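Observations on chain architecture
Here is how the chains run, residue by residue.
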Amino acid sequence: MTAEPRTAAEPAAQPAPDETVHHWSLDDFRALDFDPFLHDRLKETRAARIRLPFGQGDAWLMSRYADVKAATTDPRFSRSELVGRTITASSPHAIASQKASLNYADPPRLNDMRRVVARAFTGKAMQKLRPTIQRTTDGLLDGMERHGSPADLVEHLHGPLPLAAVADLLGMPHEMRANMTDWANVAMTPGPAPAQSVDALKTVRETVVALLQMRRKEPTDDLAGVLTSAAAAGEITDDEAVSLATAILVSGAHAVRNNSANMVYALLTHPEHLERLRAEPDLIPQAVDELLRFIPHRSGVGLPRIATRDLEIAGVRIKAGDTVYSSYLAANRDPEVFPEPDKLDFDRGPIAHMAFGNGPHHCVGSMLARMESEVMLATLLDRYPRLALAVPPEQVEWQQGGLIRGPKSLPVSW
């Protein structure tokens, strides 16, 4: 990574002459190593100017917990203003649809869409789904045992379970799920193969359209049924129903796949933490939250926001039209909020981490993601008292160029 002054000929608003634009290359790092660029931002100025590998122009980066919280809740920052803009970005194309998308909506429209989706993500609905997730987990691990030790935990558990969970939530028939995990992974790994990523997204959306058409003819109380009913009632548009279902399917299948595999890798490389959870299984929910805080689950940053007026935040003056990114990863390592932030510590107690985002765009599927991770960890610890990596940690292969970090495979023995 390099940092060099920006020239006057380059596009977008000019920083003050004494400001530096940091070229953030979003390198792939070994295993769960934290990006040193973010560590540096936490030590230096509260807000920094950055340029990412794609798009054009510069952006502000918020890294400290208080500043990230402020930027993600201040209504003067807009996501809908992103539509149609070319900005500096971590991906060559938008992963989420800019048309009728939850990710590109602001309140009050955002609130309308979230209320519809929330009907399928109630605590009661999650508890109803938990036994199904447990049965799926048990069945997948039965299959892994038939395969024999050693085996790839990503192939046998972390890949298929999150897809099964979100597909069950949507009410997607099994015949429509073929290759869905692969499509989601390709869609969320745009760097190495942008054309393939676009094609994979197109395939997923076409599958979702077919599912929603089915639900219009055969109403159900699953998420697909909720979305089609809401569209029929005029609460959301048909395009919004497709966008919401697609986003939930892709993120649910891909993000939990990687995050849960990251958790197991972290435990297998922190044996004292692993043994403590074996001895204190009731600690697993608290441990999951600390793992979510500790693990750098994404590469770079997510969607930015656009300032709709001049304002001051993080000690800098931001002009109307400026792009602002907020790093949840950095906020989760802010030493002012999390003492010894680079230490995995299951005794932190309840923690307000930002692994699922913050503010109006906080992940609607956070309860489901937590539950899946809890079930996977509890079941693995219970079934396999001798679970271990089947290769040295440095030989675990990691995904390259993805928006969400995770092991490509996780060979284990038991």
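Relevant structure appears above.
Residues numbered from 1 in each chain as written. Predicted model: local features only at pLDDT ≥ 70, side-chain atom pairs only at ≥ 80, totals over all residues. Heavy atoms only, no water.

**What to know about the overall build of the chain**
Filter applied, for reference: Secondary structure is summarised from DSSP: a helix means a run of H or I of at least four residues, a strand means a run of E of at least two, and numbering begins at the N terminus for each. Here the term buried applies to any residue with accessible area under 20% of the maximum for its type, exposed to any over 50%, and partly exposed to those in between, with areas from a 1.4 Å probe on protein chains only. Contact definition: two residues touch when any of their heavy atoms are within 4.5 Å. Values of accessible area rely on a 1.4 Å probe in the Shrake-Rupley scheme; residue burial ignores everything except the protein chains shown.
Regarding its fold elements, the chain presents 14 helices and 12 strands. For the chain, the proportion of its 414 residues judged to be buried stands at 55%. The contacts of the chain with a sequence gap of at least 6 include a subset with a gap of at least 24, amounting to 73%. Of the roughly 17,600 Å² that the chain leaves accessible, carbon and sulfur atoms contribute 52%.

**Comments concerning the layout of surface pockets**
How we decide: In this analysis, the protein atoms alone were mapped onto a 1 Å grid. Cavities are point sets where a 1.4 Å probe fits without being able to get out; pockets are open sets with protein on both sides within 12 Å along at least five of seven lines; lining residues have an atom within 4 Å of a point. Grid points are joined across faces, edges and corners, and a volume is the space filled by probe spheres set on the points. Charged residues are taken to be Asp, Glu, Lys and Arg, nonpolar residues to be Ala, Val, Leu, Ile, Met, Phe, Trp, Tyr, Cys and Pro, and polar residues to be all remaining types, Gly included.
Estimated volume of the second largest pocket: approximately 340 Å³. Counting residues per element, the ones that place at least two in the lining of the second largest pocket are helix H4 (123-147) and helix H6 (160-170). Here the element with the most residues in the lining of the second largest pocket is H4; it accounts for six residues. Of the residues that constitute the lining of the second largest pocket, the class distribution is six nonpolar, two polar and six charged.

**Some words on the pattern of salt bridges**
Condition: For this analysis, a salt bridge means a side-chain nitrogen from Lys or Arg found within 4 Å of a carboxyl oxygen belonging to Asp or Glu.
All told, the structure shown has 24 salt bridges when counted by the stated rule. When the shortest N-O distance is used, the salt bridge between Arg-85 and Glu-81 registers 3.7 Å. The class of Glu-81 is partly exposed, set by a relative accessible area of 37%. Its salt-bridge partner being Arg-109, residue Asp-112 comes within 3.3 Å of it at the nearest N-O pair. A residue pair is termed a helical-turn pair when its members lie 3 or 4 positions apart in one helix, as Asp-112 and Arg-109 do in helix H3 (residues 109-118) at three residues. Exposure remark for Asp-112: the relative accessible area of 27% places this residue in the partly exposed category. Taken together, the shared-partner salt bridges connect Arg-109, Asp-112, Arg-115 and Glu-240 into one network.

**Here's the deal with the environment of Arg-293**
To keep things clear, this is the line we draw: A 3.5 Å cut-off defines polar contacts: any pair of N or O atoms within that distance qualifies, except that in protein one atom must be a possible hydrogen donor and the other a possible acceptor, and neighbouring residues in sequence count only when both atoms are side-chain atoms.
One can find Arg-293 in helix H12 (residues 284-294). Using a relative accessible area of 1% as the deciding quantity, one classes Arg-293 as buried. Taking the C-alpha atoms as reference, Arg-293 lies 5.6 Å from His-353; in sequence the two are 60 residues apart. Within the local environment of Arg-293, its side chain forms a polar contact with the side chain of Glu-290, the two groups lying 2.9 Å apart.

**Let's talk about unusual backbone geometry**
Pro-107 connects to Pro-108 through a cis peptide bond whose omega is 10°. Relative to the elements of secondary structure, Pro-108 occurs in the loop between strand E5 (77-78) and H3. Of the consecutive residues Ser-149 and Pro-150, the connecting peptide bond is found in the cis state with omega at 0°. Relative to the helices and strands, Pro-150 resides in the loop between H4 and strand E6 (151-152). One non-glycine residue, Ala-314, lies in the positive phi region at around 55°. Position of Ala-314 among the secondary structure elements: in the loop between strand E8 (311-313) and strand E9 (316-318). Its relative accessible area of 8% is what places Ala-314 among the buried residues.

**Some remarks on the packing of aromatic side chains**
Put simply, the rule is: Only Phe, Tyr and Trp rings are paired, with Trp represented by its six-membered ring, and only when their centres lie within 6.5 Å; those with planes under 30 degrees apart are stacked, over 60 edge-to-face, the remainder tilted. Criterion for a charge above a ring: Arg CZ or Lys NZ at most 6 Å from the ring centre, at most 35 degrees from the ring normal.
Here the structure, examined in full by the defined rule, presents four aromatic pairs. Here Tyr-65 and Phe-338 contribute two aromatic rings whose centre-to-centre distance is 5.9 Å and whose plane-to-plane angle is 75°, an arrangement assigned as edge-to-face. Taken as a pair, Tyr-65 in helix H2 (residues 65-71) and Phe-338 in the loop between helix H13 (328-331) and helix H14 (366-383) lie far apart in primary sequence, 273 residues in all. Judged by relative accessible area, which is 12%, Tyr-65 ranks as buried. Positioned above the aromatic ring of Trp-60 is the side chain of Arg-49, whose terminal nitrogen or guanidinium carbon lies 4.7 Å from the ring centre. Across from the ring centre of Phe-338, 5.3 Å away, lies the NZ or CZ of Arg-293, which sits over that ring.

**Some thoughts on the sheet that holds strand E11 (residues 388-389)**
The following threshold applies: Paired strands are those between which DSSP finds at least two bridges.
Read from one edge to the other, the open sheet built from three strands follows the order E6-E12-E11, with strand pairing classed as antiparallel. At either end of the open sheet lies a strand with only one pairing partner, and these are E6 and E11. Relative to strand E12 (residues 411-413), E11 runs antiparallel, the two being bridged by two bridges. Note that in E12 the partner of Leu-389 across the bridge is Val-412.

**A few points about the packing of helix H10 (residues 238-268) against H14**
Here is the rule: Axis definition: a line fit to C-alpha positions, over the contact stretch in the case of helices; interaxial angles, taken between N-to-C directions, run 0 to 180 degrees. Note on convention: near helix rotated counterclockwise from far helix by under a right angle means a left-handed crossing. Clockwise means right-handed.
For the pair H10 and H14, interaxial distance at closest approach is 10 Å and the crossing angle is 40°. The element H10 and its partner H14 pack so that their crossing is right-handed. When H10 is examined against H14, the residues Val-256, Ser-260, Met-263, Val-264 and Leu-267 are found in contact with a partner set consisting of Ala-369, Glu-372, Ser-373, Met-376, Leu-377 and Leu-380. Of the residues belonging to the contact of H10 with H14, the class tally is eight nonpolar, two polar and one charged.

**Structural notes on the pairing of strand E3 (residues 47-51)**
Note the following rule: With the strands aimed away from the viewer, a crossover counts as right-handed if its path from the first strand over the helix to the second runs clockwise.
Within E3, five of the five residues are buried, which leaves it mostly tucked inside the rest of the structure. The alternating pattern of E3 places Ala-47, Arg-49 and Arg-51 and Ala-48 and Ile-50 on opposite faces, both of which are buried. Between the parallel pair strand E2 (residues 21-23) and E3, the chain is carried across by helix H1 (residues 36-43), and the sense of this crossover is right-handed.

**Re the pairing of strand E4 (residues 59-62)**
Consecutive side chains along a regular strand alternate between the two faces of the sheet. In E4, alternate side chains face the same way, and those of Ala-59 and Leu-61 on one face and Trp-60 and Met-62 on the other are all buried. Relative to E4, E3 runs antiparallel, the two sharing four bridges. Counted as the bridge partner of Ala-48 is Leu-61 from E4. Note that E4 and strand E10 (residues 323-326) share three bridges and pair parallel. When the sheet's bridge partners are listed, Met-62 is paired in E10 with Ser-326.

This is a description of form; function is not addressed.
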